[in-house]
Amino acid sequence: QVQLEESGGGLVQEGGFLRLSCKASGTIFSINSMGWYRQVSGKQRELVAAAHSDGSTNYADFVKGRFIISRENAKNTVDLQMSRLEPEDTAVYYCNHRSYWRGSPSDYWGQGTQVTVSS
């Protein structure tokens, strides 16, 4: 129902900058959130940042002040600007779209993009 296309991962040195982008297509309900999660092998998936259709945002404490999330509703896109990257940020980053079309939220996921931060 919703497809997500991700781009922007790669290899960067500690202290560097990367921008992740995601575009949603398909059946998009106006009440939704779009954001990014990350996962390290052997550990649980964790929220990085999310931007909601009401204009609000939320960030994980470990990225607050370094990352900025933004969305463009007309294009159904969300970007994550990642500054002052640390080796601990190394993970697979997944775009998330959460739809509130039905009574309960429904999650859609991108395929993931690798971010590697070298020391």
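Rules used throughout
- Residues numbered from 1 in each chain as written.
- Predicted model: local features only at pLDDT ≥ 70, side-chain atom pairs only at ≥ 80, totals over all residues.
- Heavy atoms only, no water.
- Salt bridge = Lys/Arg side-chain N within 4 Å of Asp/Glu carboxyl O.
- Helix = DSSP H or I, 4+ residues; strand = E, 2+ residues; numbered from the N terminus.
- Buried < 20%, exposed > 50% of the residue type's maximum accessible area, 1.4 Å probe, protein only.

Below, the discussion takes up the pattern of salt bridges. Throughout the structure, instances matching the rule amount to seven salt bridges. Residues Asp 89 and Arg 38 are paired through a salt bridge, measuring 2.9 Å at the closest nitrogen-oxygen approach. You can see Asp 89 sitting in the loop between strand E8 (77–82) and strand E9 (91–99) and its partner Arg 38 sitting in strand E4 (residues 32–39), a full 51 residues away along the chain. Across the pair, Arg 38 and Asp 89 agree in class, each one buried. For the salt bridge of Asp 61 with Lys 64, the shortest nitrogen-to-oxygen distance reads 3.8 Å. Each of the two residues, Asp 61 as well as Lys 64, counts as exposed.

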